[in-house]
Amino acid sequence: MSSDRTAGRLSRILALIPYVLAKDGAKVSEIIERFDYTEEDLTRDLNTVFFCGLPGYTPGDLMEAYIDGDEVIIDAADYFAKAPRLTPMEALGLMAAGMAIIGSGQGSPDLKTAVDKLTKALLPDAGSAIDVDVSGDSENLSILKSAAADQQVIRIRYRSMGRETETVREIEPWAVVSTLGNWYVQAFCRLVGGERVFRVDRIRDLEVLDERFQRPEAPTEPEIAYTPSEEDVVARIRLETSARWVLDYYPVDVVKETKTGTEIRFSSPDAEIPARLLLRLGGQARLLDGEEVRARVTAIAGALRERYTTGRET
Amino acid sequence: MQNVVERVINLLIYLLESPEPASAADIRHTVAGYGQESDEAFHRMFERDKDLLKRLGVPLEMKALDTWEIDFGYTVDPTKYALPDPGLTEPERVALSVAARMVRLGGANAGLGGLLKLGGVERGTGIEPLGADLGAEASVLGDLFLAVTERRKVDFTYAGVSRTVEPYGMAHRRGHWYLVGRTGAGERVFRVDRITDLEVGRDADVFQRPKRFQVKKAMSTNPWEAGSDEVVTASVRFDEGLAWWAARTLDVEPPRTGPMEVELTVANWDAFIGWILGFGSDAEVLAPPELRDAVLDRVEAAVSGLS
């Protein structure tokens, strides 16, 4: 942990020196803002720089670094005329962040040119070796984002995660977030009278209402993971090794692992979700326990059998 | 920490300025901060300092000091050290900074530290009510990116098999990072979180990316489009209740009312049937008949798994 702090401090110093050198001095207030310094930390770092330089370490060998009135002065530091190159994670992070925001339809023209310039500088031989796609319905995302910013109430027609039914509800959107490949809106839901997270792609229609709300001072981090409730349908399922991907995509608990498979517990507010999963998996899963789910699979299978054996209705 | 910061800056200056690679003994006697330590303490300190430099993005290299390659020294090439200036304008930096604050990668804000190296931005942008988490294990991702940018080969284990890959590019799709690269058997896509025992090759520039390589093209949009099965055109009907949902997934215009019928190219039957059955009994494959039979087979297999 302390080595993280040391690395962060060094990285900032090595970025600060070339900036001040290039401008031949800079305002203290500007440096504090630009490099996210407190005045105390800036003074301490300049004092450190002041004691560094070439071997010999006589006053003539050391860098000059000090605050003169409202200006930061750094001199005799030609070897640090350029900032160190970006680490792979810094470079990928900046490119990916830019691409993610552009991909979600929220990028400004400045962001697009910034990402182009970064890509050219970092990957001169291949313009399109990196790609980030978090695209959702950018029109709905834009509406939700501005509603969250302007604190406007929205009415949504929503298809719940667990229940295969639609509800119409009024929500107070706090934030729009993308995680694990889906976009979510974190909001106060007036229908249930509490905080809820809605998947943006499951919002069928939305309408911005002419009503404002007051966002809480510090909204909590959105709870994306599914929290099982006591009324949930529970099924115990054994997955074959080839179906282990289910663990990455569904909120399940692993009961036990064996050489030939994985036993999971699947909680859901509605039997429909585990039932459809079992249909998808075909022979790669076995239902060990869960009467409601068993009945649901049988019912859907019956309906499908009828559709597929009687041919197409017109 | 005060001592470490001073010592590492002095070390970096010495390595940047020395015309010849410097041996560890030379560094110990010349650079301020190492002198008074015992052998063991010096080596421990020096190892830690080298790690710190690498973490900062400093390209520390080891070079032989003689033709017999008995003694080695350390050096930092000033041209490799320097950040190539991408020539960002202030509004471009601000836009990047806003994006970096909105996006998380490997559990941290994406590349904010890098933004300082590019000159930082003046504060003042408020909280954006939009954010994205791109997940991912930071160390693997950083190593792969390095290999992609410097055209180094990588070795890793994937689904129990050892592989040597020329990494062409990386893409983020549906919550996961993927690596696209060339193996002995041609171009392949790997999911990054399933890569283990990753080793990045020591030499840079050992392969050429195909001209006009586009990672986008290598990543097919839908899972059923990539596969080695017989390619068929499937015609599918989605019932009224879920037609809008299917339209959204397929990125097509949903019907105003009523069901939706579409034609899709399928190269991976297994993935396609799985996706269709995710709609329960609200979707039906209309043609071809072989695909209809395959759907029904899967349903029967699922039913027999109920007991």
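Residues numbered from 1 in each chain as written. Chains lettered and ligands numbered in written order. Predicted model: local features only at pLDDT ≥ 70, side-chain atom pairs only at ≥ 80, totals over all residues.

(A) Spotlight on the overall build of chain B. Within chain B, the regular secondary structure consists of eleven helices and 13 strands. For 307 residues, the compact-globule formula gives about 19 Å, and the C-alpha radius of gyration of chain B, at 27 Å, lies well above that figure. Put simply, chain B has 307 residues, and 36% of those count as buried. For chain B, the share of sequence-separated contacts (at least 6 apart) that also reach a separation of at least 24 residues comes to 58%. (Helix = DSSP H or I, 4+ residues; strand = E, 2+ residues; numbered from the N terminus. Rg over C-alpha atoms; globule rule 2.2 N^0.38 Å. Buried ≥ 20, exposed ≤ 12 C-beta atoms within 10 Å, placed from the backbone. Contact = placed C-beta atoms within 7 Å.)

(B) Spatial organisation of the overall build of chain A. Across its full length, chain A holds nine helices and 13 strands. In terms of C-alpha radius of gyration, chain A reaches 28 Å, well past the compact-globule figure of 20 Å for 314 residues. Over its C-alpha atoms, taken along the principal directions, chain A stretches across nearly 90 × 55 × 40 Å. The contacts in chain A between residues at least 6 apart in sequence include a share of 58% that link residues at least 24 apart.

(C) Representation of the sheet that holds strand β1 (residues 26-27) of chain A within the structure. All names here are of chain A. Taken in spatial order, the three strands line up as β1-β3-β2 in an open sheet, and their pairing is antiparallel. Of all strands in the sheet, those bounded by a partner on one side alone are β1 and β2 (64-68). Both β1 and strand β3 (residues 71-75) contribute to a ladder of two bridges, which runs antiparallel. Following the sheet pairing, A26 is matched in β3 by V72. Of the strands in this sheet, β2 and β3 touch helix α3 (residues 39-50), which is tilted by about 145° from β2. (Pairing = 2+ DSSP bridges. Axes fitted to C-alpha atoms, helices over the stretch in contact; angles between N-to-C directions.)

(D) Quick look at the interface of chain B and chain A. The partner chain A presents 98 residues to the 95 residues of chain B that form the contact. If you tally residues by element for the side of chain B that touches chain A, the top one is helix α1 (residues 2-17) of chain B, at eleven residues. Of the residues belonging to the side of chain B that touches chain A, the class tally is 55 nonpolar, 24 polar and 16 charged. Where strand β6 (residues 166-179) of chain A and strand β5 (residues 130-133) of chain B come together, four bridges link them in parallel fashion. Looking at the pairing, V176 of chain A lines up with L130 of chain B of β5 of chain B. (Nonpolar A, V, L, I, M, F, W, Y, C, P; charged D, E, K, R; others polar.)

(E) Summary view of unusual backbone geometry. Cis geometry marks the peptide bond from A287 of chain B to P288 of chain B, where omega comes out at -5°. Structurally, the position occupied by P288 of chain B is in the loop between β13 (283-287) and α11 (289-304). Unusually for a residue other than glycine, Y57 of chain A sits at a positive phi of about 50°. Tracing the chain through its elements places Y57 of chain A in the loop between α3 and β2. Among the residues examined, Y57 of chain A registers 14 C-beta atoms within 10 Å and is labelled partly exposed. Located in the positive-phi region is D205 of chain B, a residue other than glycine, with phi close to 55°.

(F) How the structure looks around the environment of V303 of chain B. By the secondary structure assignment, V303 of chain B is in helix α11. Its 20 C-beta neighbours within 10 Å are what place V303 of chain B among the buried residues. With residues near it in sequence (within four places) discarded, V303 of chain B still touches V297, T298 and A301 of chain A.

(G) Local environment of the nonpolar core. Ranked by internal contacts, the top residues of the largest apolar core, which has 120 residues, are A96, A97 and A100 of chain A together with A99 and V103 of chain B. Top element by residues in this core is helix α4 (residues 88-103) of chain A. It accounts for eleven residues. Excluding anything up to four places from it in sequence, A100 of chain A contacts V132 and V134 of chain A together with V103, A132 and L134 of chain B. Judged by nonpolar contacts, the second largest core, of 45 residues, contains A271 and A301 of chain A together with F272 and W275 of chain B. (Core = buried A, V, L, I, M, F, W, Y, C linked by C-beta atoms within 7 Å.)

(H) Here's a closer look at the pairing of strand β11 (residues 252-257) of chain A. Residue and element names in this part refer to chain A. Pairing of β11 with strand β12 (residues 261-268), which is carried by five bridges, proceeds in the antiparallel orientation. Bridging across to β12, D253 finds its partner in R265. Linkage of β11 to β12, two consecutive antiparallel strands, is achieved through a turn of three residues.

(I) Highlighting the packing of helix α9 (residues 291-310) of chain A against α11 of chain B. Interaxial distance between α9 of chain A and α11 of chain B falls to 10 Å at its minimum, and their mutual angle equals 155°. Taken as axis vectors, α9 of chain A and α11 of chain B run roughly antiparallel relative to one another. For the element pair α9 of chain A and α11 of chain B, the recorded crossing hand is left-handed. For the pair α9 of chain A and α11 of chain B, contact is made by V297, T298, A301, L304, R305 and Y308 of chain A and by R292, V295, L296, V299, A302 and V303 of chain B, respectively. (Parallel < 35°, antiparallel > 145°, perpendicular 65-115°, else oblique. Left-handed = near helix turned anticlockwise from the far one by under 90°.)

(J) Examining the environment of E240 of chain B more closely. All names here are of chain B. The residue E240 is located in helix α9 (residues 240-250) in this model. Note: C-alpha distance between E240 and R256 (16 residues apart in sequence) is 9.6 Å. The residues contacting E240, other than those within four sequence positions of it, are T257, G258 and P259.

(K) How the structure looks around the confidence of the model for chain B. Put simply, chain B has an average pLDDT of 88, and 96% of its residues get 70 or more. ipTM for the predicted complex: 0.80, alongside a pTM of 0.77. (pLDDT = per-residue confidence, 0-100.)

(L) View of the packing of helix α8 (residues 272-281) of chain A against α9 of chain A. Residues and elements named next belong to chain A. Packing of α8 against α9 leaves a shortest axis separation of 9 Å and a crossing angle of 60°. On the basis of their axis angle, the class for α8 and α9 is oblique. Seen along the crossing, α8 lies across α9 with a hand that is right-handed. Contacts from E272, P274, A275, L278 and L279 in α8 reach V293, R296, V297 and I300 in α9.

(M) Representation of the environment of L287 of chain A. As for its position among the elements, L287 of chain A is in strand β13 (residues 285-289). Residue classification places L287 of chain A among the buried positions, given that 21 C-beta atoms sit within 10 Å. C-alpha of L287 of chain A to C-alpha of S11 of chain A: the two residues are 276 residues apart in sequence and 54 Å apart in space. Excluding residues that lie within four positions of it along the chain, L287 of chain A makes contacts with A235, I237, L278, V293 and R294 of chain A together with G305 and L306 of chain B.

(N) Inspection of the sheet that holds β13 of chain B at higher detail. All names here are of chain B. Strands sit in the order β12-β11-β13 across an open sheet of three strands; the sheet is antiparallel. The open sheet has two edge strands, β12 (260-266) and β13, and neither has a second partner. Each adjacent strand pair in this sheet contributes to an overall mean axis angle of 35°, direction not counted. Two elements, strand β11 (residues 232-238) and β12, share seven bridges in a ladder whose sense is antiparallel. Bridge pairing in β12 links V232 to V266. The strands touched by α11 are β11 and β13; relative to β13, the strand with the most contacts, the crossing angle is about 145°.

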